[in-house]
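Examining the three-dimensional arrangement
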Amino acid sequence: MRLRNVRGSREAIAASEFTINVPEDYKGKWCEVFSNTNPIHIEIGMGKGRFITELALKNPDINYVGIEKYSSVLIRAIEKRRELDISNLVFIRMDAENIEDVFEKGEVDRIYLNFSDPWPKDRHAKRRLTSRQFFARYNDILKNDGQVEFKTDNRPLFDFSVEEIPEAGWNIVEITYDLHNSEMCEGNVMTEYEEKFSSMGNPIHKLIAKRNMEV
Ligand code: SAM
């Protein structure tokens, strides 16, 4: 993704009441951030945050943590967040490679990956958010019956994920290659990229993965 630098965004994020600046401090203690023990759902690579913000508005009994690597996009989510009177949505600016430093074993109930960067070169495969390396991290932080939900219009990345997830010891429990014309679309919340690419006529692919209980 090409990013325009937004001057002052890093400082504005650090000063925001909606950002957790030292998320490692809350490992195993995220209930303190939200002052309740509601389930925690996270989105990794949330971009400008439309998806997770809409979910937080719809589901006040779920706590949402949006994770994004770049300040220039995260700042847009924070600007929207300021206008909302909700208490179940916070953000972290970080590379998800270090996600196990932030959440305790089994602390997360659900992980959303939406339109993740494809990293088309083979030598970069381990950077893909659906690589076995990332699933090993999810394995650590997700509850036993937790799930990973992944949407993209990128067929090579989706095909890679369909092969990679069983290799990582997980099961794909639901799958569609045309989300908007499938039963899986019920209750679907669109992301910024989903809106853009589906309006260009691209079919949206989605899968839900759960841990293989025998592993
Ligand atoms: N999910 C949004 C959507 O569907 O509209 C944004 C999609 S955009 C293509 C992918 C986003 O993931 C970018 O904002 C990128 O910075 C972020 N990202 C990629 N790898 C990441 C990582 N390892 N940790 C955190 N964010 C990451």
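Anything mentioned here points back to the structure above.
Throughout what follows, the structure given in this document is the object of discussion. (Residues numbered from 1 in each chain as written. Predicted model: local features only at pLDDT ≥ 70, side-chain atom pairs only at ≥ 80, totals over all residues. Heavy atoms only, no water.)

1. A closer look at the site of the ligand
Note the threshold: We define proximity as follows: a residue is near a molecule or strand when any one of its heavy atoms falls within 4 Å of that partner. Pairing of N or O atoms within 3.5 Å defines a polar contact, subject to two protein rules: one partner must be a possible hydrogen donor and the other a possible acceptor, and residues neighboring in sequence count only if both atoms are side-chain atoms. Surface exposure here means Shrake-Rupley accessible area, sampled with a 1.4 Å probe, where a residue is shielded only by the protein chains that are shown.
Around the ligand lies a shell of 19 residues, among which Gly-45, Glu-68, Ala-96, Asn-114 and Thr-191 are the nearest. Ala-96 places a main-chain nitrogen or oxygen 2.9 Å from a nitrogen atom of the ligand. Contact between the ligand and Thr-191: an oxygen atom at 2.8 Å from a side-chain N or O atom of the residue. Against a free-state accessible area of 590 Å², the protein chains account for coverage of 96% of the ligand.

2. Digging into a positive patch on the surface
The cut-off we apply is this: Think of a patch as exposed residues, more than 30% relative accessible area, with no salt bridge, where like charges cluster within 9 Å and nonpolar side chains (Val, Leu, Ile, Met, Phe, Trp, Tyr) cluster within 5 Å. Here, a salt bridge means any side-chain nitrogen of Lys or Arg that lies within 4 Å of a carboxyl oxygen of Asp or Glu. By the counting rule applied here, Lys and Arg register as positive and Asp and Glu as negative, while His and the ends of each chain are not counted. Each charge is placed at NZ for Lys, CZ for Arg, CG for Asp and CD for Glu. Accessibility here uses a 1.4 Å probe with only protein chains present; expressed as a share of the type maximum, an area under 20% marks a residue as buried, one over 50% as exposed, and anything in between as partly exposed.
On the surface, Lys-69, Lys-121, Arg-123, Lys-126 and Arg-127 cluster together into a positively charged patch. According to the relative accessible area criterion, Lys-121 is partly exposed, its value standing at 47%.

3. A word on helix 4 (residues 71-81)
For clarity, the threshold we go by: Helix and strand labels come from DSSP, where a helix needs a run of H or I of at least four residues and a strand needs a run of E of at least two; each type is numbered from the N terminus.
By the criterion of burial, helix 4 is predominantly enclosed, with eight of the eleven residues buried. Within the sequence span of helix 4, burial applies to Ser-71, Ser-72, Val-73, Leu-74, Ile-75, Ala-77, Ile-78 and Arg-81.

4. Digging into the nonpolar core
The nonpolar side chains of soluble globular proteins are, as a tendency, buried together. For the record, the criterion: Side-chain atoms within 4.5 Å link the members of a nonpolar core, which is a set of buried Ala, Val, Leu, Ile, Met, Phe, Trp, Tyr and Cys residues.
Counting 34 residues, the largest nonpolar core has Trp-30, Ile-42, Ile-44, Val-65, Phe-103, Ile-111 and Tyr-138 as its most contacted members. With 19 residues, the next largest nonpolar core counts Phe-18, Leu-55, Ile-75 and Ala-77 among its residues.

5. What about the pairing of strand 4 (residues 108-114)?
Test applied: Any two strands between which DSSP finds at least two bridges are classified as paired. A clockwise path from the first strand over the helix to the second, with the strands pointing away from the viewer, defines a right-handed crossover.
Buried residues dominate strand 4, accounting for six of its seven residues. Pairing geometry for strand 1 (residues 40-44) and strand 4, over four bridges, is parallel. Each bridged residue has a counterpart across the sheet, and for Glu-43 the counterpart in strand 4 is Tyr-112. Where strand 4 lies against strand 5 (residues 142-152), six bridges are found, and the strand directions are parallel. When the sheet's bridge partners are listed, Asn-114 is paired in strand 5 with Lys-151. Taken together, strand 4, helix 5 (residues 132-141) and strand 5 form a β-α-β motif whose crossover is right-handed.

6. Some thoughts on helix 6 (residues 155-167)
Rules: Helix span, as expected, comes to 1.5 Å for every residue beyond the first. We call two residues contacting when some pair of their heavy atoms lies within 4.5 Å.
Look at helix 6: 19 Å from first C-alpha to last across 13 residues, which is about the 18 Å you get at 1.5 Å a residue. If you check which residues of helix 6 are buried, you get Leu-157, Phe-158, Phe-160, Ser-161, Glu-164 and Ile-165. At its buried positions, helix 6 is contacted by helix 5, strand 5, strand 6 (170-176) and strand 7 (205-211). The N-cap residue of helix 6 is Asn-154: its side-chain oxygen and the backbone nitrogen of Leu-157 are 2.9 Å apart. Gly-169 sits one or two positions beyond helix 6 and adopts a positive phi of about 90 degrees.

7. Some words on the side chain of Thr-130
As for its position among the elements, Thr-130 is in the loop between strand 4 and helix 5. Among the polar contacts made by the side chain of Thr-130, one reaches the side chain of Ser-161 at a distance of 2.8 Å.

8. Some details on the environment of Arg-137
Along the chain, Arg-137 falls in helix 5. Look at Arg-137 and you get buried, because its relative accessible area is 17%. The spacing of Arg-137 and Lys-105 is 32 residues in sequence and 9.9 Å in space, taken between C-alpha atoms. Every residue in contact with Arg-137, bar those within four places of it in the chain, is listed here: Ala-96, Glu-97, Ile-99 and Glu-100.

Keep in mind that these numbers describe shape and distance, not what the molecule does.
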